[in-house]
Structure formats: C-alpha cells, structure tokens
Amino acid sequence: MLHNRTEVSEKTRKKILAIIEELDFKPNILASNLASKKTVHFATLLPRPLSDVGYWNKPFLGITKRIAELKQYNIDLQSFSFGQNSPKEFVSEAEKIIGLKPDGVVLAPYFKKESLLFIEKLNNSKIPFVFIDSEIKDAGQIGYIGQNSYQSGLVSGKLLDLLLPSGNIVVIHFAKEMDNQNHLVEREKGFYEWYKQNNQHNHQLFTIEIPDTTNDKWMKKVVDFIGQFSIKGIFVTNSKVFNVGRLVEKFNLKDLKIIGHDYLTDNIAYLKSDIVQFLICQRPEEQGYNAVNKLFRHIVQKRKIEKINYTSIDILTKENIDYYKEFK
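Attention in this report is confined to the structure presented alongside it.

Details of the nonpolar core
Counting 44 residues, the largest nonpolar core has Phe-42, Leu-45, Ile-75, Val-105, Leu-107, Phe-118 and Phe-131 as its most contacted members. In terms of residue count, the dominant contributor to this core is helix α11 (residues 284-300) (six residues). In this structure Leu-107 touches Leu-45, Phe-90, Phe-118, Ile-119, Val-130, Phe-131 and Ile-132, once residues within four positions along its chain are discounted. Grouped together as the second largest cluster of nonpolar side chains are 32 residues, Val-170, Ile-231, Val-236 and Leu-256 included.

Below, the structure is given as structure tokens:
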C-alpha cells in the first residue's frame, strides 16, 4: 500500500511539473527585485552618431525605449560611445565599462581587434554581453541581434544583377581599417559570392576603400575610377550611400545603378530622386530594443534565450519607402 501511495505521488509530481512547463511559469521577478531594492546595471558601447540623423541614433532609441518600459525592475543604464574612426577611444571606453562591473553589456563590435580584447575581459569577469549590428562568431556572447551580413551582401548582389545584367561594378567601403570592420567585410563577401555563382562573366567587380570624407578630395579618385573602368553599378556597404549621391549630383554622372544601406534622411532623398535604386535596411531601432530585452530575460528573468536573432533584410524602393514602418 505504501508503494502505491509513493507511485501516485510520483505521478502527481510529474503532472504538476508538466503543467508548470506548459504554462511557462516563472517566479515573480518584479516582487523579488522590489523587495531586495537591488539595482541591475546595464552598459552599452556603441559608435557615436555622425549627426542628429545618423544611423547610430536609431539603435539607441530602441535601447532607451525598452529601458523605460522596464523601470519598475530597477534597471540602470550607462551609455558609452566612441568615434567611428577611433579604435583608441573604443578601448578607453571599454576600460570604463570593465571598471563599472555592470550586470550586462550591449556591444557593437565595430573594431574587431579591439572588440576581441574587450570581450576577453568581459568573459573573464563573467559579464554577459549581446552583440548588436555585427557579430564575432563564438566569442562568448549570449546573443546577437542584427542582420546576417553575408546574406545581405548576397541579396544586394542579386538586386544589382537584376538592374544591370552586364557592366562593371565597384564596391565602395566608406570606412577605415577594413580588415577590422567585420560586418562590411561579410557584406562584400556575400556580394562577390553572388556574382561568382550566377553571372560572373558579364561583369568585372572592383573594390574601393574611402577612409575619409571630411573634404571632397576623395571624389576625384572615385570619378576617375568610374571613367577608367567603365563602371555602371555601385554597391555601398554601409549607411553612407548619400556620399555617392552627392558625387552623382556634383559631377552629373548618369546611368549608374546604385545600392546602399539604411533608412536615413539623406539616403531617402536620393532614393526618391532615382539616384539610388535600392536601400537595404535592417531595423536598427528594433535591434537596440531587442538587445536590451535579451539581457533582461537572461539576467533578470533567468530565462533561456535564443543565441542568434537575425533581423529582416528589408528592400526599400522609391515606390514603397513612404509605407515603410519605422520602429515606434
């Protein structure tokens, strides 16, 4: 009889556990946090926007939105930024974060070499971190929010191939130290791979790196290159495709097919004026929002989270740009 009661008890226990799992039961984290009055410290390390409407304003909008929604959980956010051409400033700001000893970090690994050094210190200190915008594979991150950069390059290659069945193409990187710009390198790889697999013989592909656009000296180099190699198509690997728009206007270049990245005011203007044919967008506001949410779920709620969350690869044209739903 005792044996039977034990057996029934074991069955009941398993049934209760199954119900708990089905309902995704979690303890009252809010109540426990308020009772302990513990503050959870998050830190972010992102590139400094180049202007009030620059790309890197957008992830921060999403970050601050999610933090505001979580204010009852006693979450404190400290933001750190670095110049987009300054690996040294990245290092100095990263050191400040290590000294702060936050509970979690949202990181844009903008400079790969410097990021790896920072990541080593985060791992040694057992500080969880989430990558945003670009990723470094198997670096110890609890997650990545952003595009699949290689796949984005493939999509861009296919689009330009449809626009330009034949003709020479140049890939333009508006960035310094390209070997250190992991996401741009991956976009270029995907772009080249499209033509390698599909339409290699009708095109010659070239790459130009433009590290400095503070004055217009770079323009002559690109214009001369376009003329010398009979360039008909241009792929810009980041959000600075507006630079090519300025070039086209200044030198009255015609019949170029141009693809770039990101929903920025200047880029949209060139898209609407038919200078740029496509913009590839990646919802950076949602990236910021979801990166903080991933830290929250992992650190505060103690939930299991997906390691990789690729954002959509949105293709914007003159015809659909006014219907594109930005993050609200």
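Some remarks on the pairing of strand β10 (residues 278-281)
Every second residue of β10 is oriented toward a common face, with Phe-278 and Ile-280 on one face and Leu-279 and Cys-281 on the other, all of them buried. In terms of strand pairing, strand β9 (residues 257-261) meets β10 through three bridges, oriented parallel. Directly across from Ile-259, in β10, lies its bridge partner Phe-278. Of the crossover connections in this fold, the one passing from β9 over helix α10 (residues 265-272) to the parallel β10 is right-handed.

Some points on the sheet that holds strand β4 (residues 129-132)
Across the sheet, which stays open at both edges, the six strands sit in the order β2-β1-β3-β4-β5-β11 with parallel pairing between neighbours. Since the sheet does not close on itself, it has two edges, and those belong to β2 (75-82) and β11 (308-310), each with one partner. Neighbouring strand axes in the sheet, compared pairwise and without regard to direction, differ in orientation by 15° on average. The pairing of β4 with strand β5 (residues 143-146) spans three bridges and is classified as parallel. Its bridge partner lying in β5, Val-130 is registered against Gly-143. Against the sheet, helix α4 (residues 87-100) contacts β1 (40-47), β2 and β3 (104-107), and its axis sits at roughly 160° relative to β2.

Some details on the pairing of β1
With respect to burial, β1 is a largely interior element, seven of its eight residues being buried. Direction of pairing for β1 relative to β2: parallel, over a ladder of eight bridges. Looking at the pairing, His-41 lines up with Asp-76 of β2. What joins β1 to β2 is helix α3 (residues 57-69), and the crossover it makes is right-handed. By the bridge criterion, four bridges tie β1 to β3 in an arrangement that is parallel. In the strand pairing of β3, Phe-42 is matched with Gly-104.

Points about the packing of aromatic side chains
Counted under the stated rule, the structure contains 17 aromatic pairs. Their ring planes at 85° and their centres at 6.3 Å tell us that Phe-90 and Phe-118 sit as a pair that is edge-to-face. Of this pair, Phe-90 sits in helix α4 while Phe-118 sits in helix α5 (residues 112-124), placing them 28 residues apart in sequence. Like Phe-118, Phe-90 is buried. By way of ring pairs, the aromatic residues Phe-82, Phe-90, Tyr-110, Phe-111 and Phe-118 are connected into one cluster.

Remarks on the side chain of Ser-152
Structurally, Ser-152 is set in helix α6 (residues 149-163). On the accessibility criterion, Ser-152 (0% relative accessible area) is buried. Sequence-distant contacts of Ser-152, that is, excluding residues within four places in its chain, are made with Gln-147, Arg-187, His-261, Ile-280 and Ile-313.

What to know about the sheet that holds β9
The sheet built from six strands is open, its strands ordered β7-β6-β8-β9-β10-β12 with mixed pairing. The outermost strands of the open sheet, each flanked by one partner alone, are β7 (205-209) and β12 (314-316). Sheet twist, expressed as the mean angle between neighbouring strand axes with direction ignored, is 20°. Two strands pair when backbone bridges link them, and β10 and β12 are joined in this way by three bridges, in the antiparallel orientation. The residue of β12 that forms the bridge with Cys-281 is Asp-314. Along the sheet, helix α7 (residues 182-197) makes contact with β6 (168-173), β7, β8 (231-236) and β9, crossing β6 at roughly 170°. Strands in contact with α10 are β9, β10 and β12; relative to β10, the strand with the most contacts, it is inclined by about 145°.

Concerning unusual backbone geometry
Its identity as a non-glycine residue notwithstanding, Arg-283 has a phi of 55°, on the positive side. Tracing the sequence through the fold places Arg-283 in the loop between β10 and α11. Residue classification places Arg-283 among the partly exposed positions, given a relative accessible area of 23%. Positive phi values are uncommon outside glycine, yet Lys-302 reaches one of about 60°. Judged by relative accessible area, which is 64%, Lys-302 ranks as exposed.

Calculation notes
- Residues numbered from 1 in each chain as written.
- Predicted model: local features only at pLDDT ≥ 70, side-chain atom pairs only at ≥ 80, totals over all residues.
- Heavy atoms only, no water.
- Core = buried A, V, L, I, M, F, W, Y, C linked by side-chain atoms within 4.5 Å.
- Buried < 20%, exposed > 50% of the residue type's maximum accessible area, 1.4 Å probe, protein only.
- Helix = DSSP H or I, 4+ residues; strand = E, 2+ residues; numbered from the N terminus.
- Contact = heavy atoms within 4.5 Å.
- Pairing = 2+ DSSP bridges.
- Right-handed = clockwise from strand over helix to strand, strands pointing away.
- Axes fitted to C-alpha atoms, helices over the stretch in contact; angles between N-to-C directions.
- Phe/Tyr/Trp six-rings, centres within 6.5 Å; stacked < 30°, edge-to-face > 60°.

Treat this as a map of the structure, not an account of what it does.
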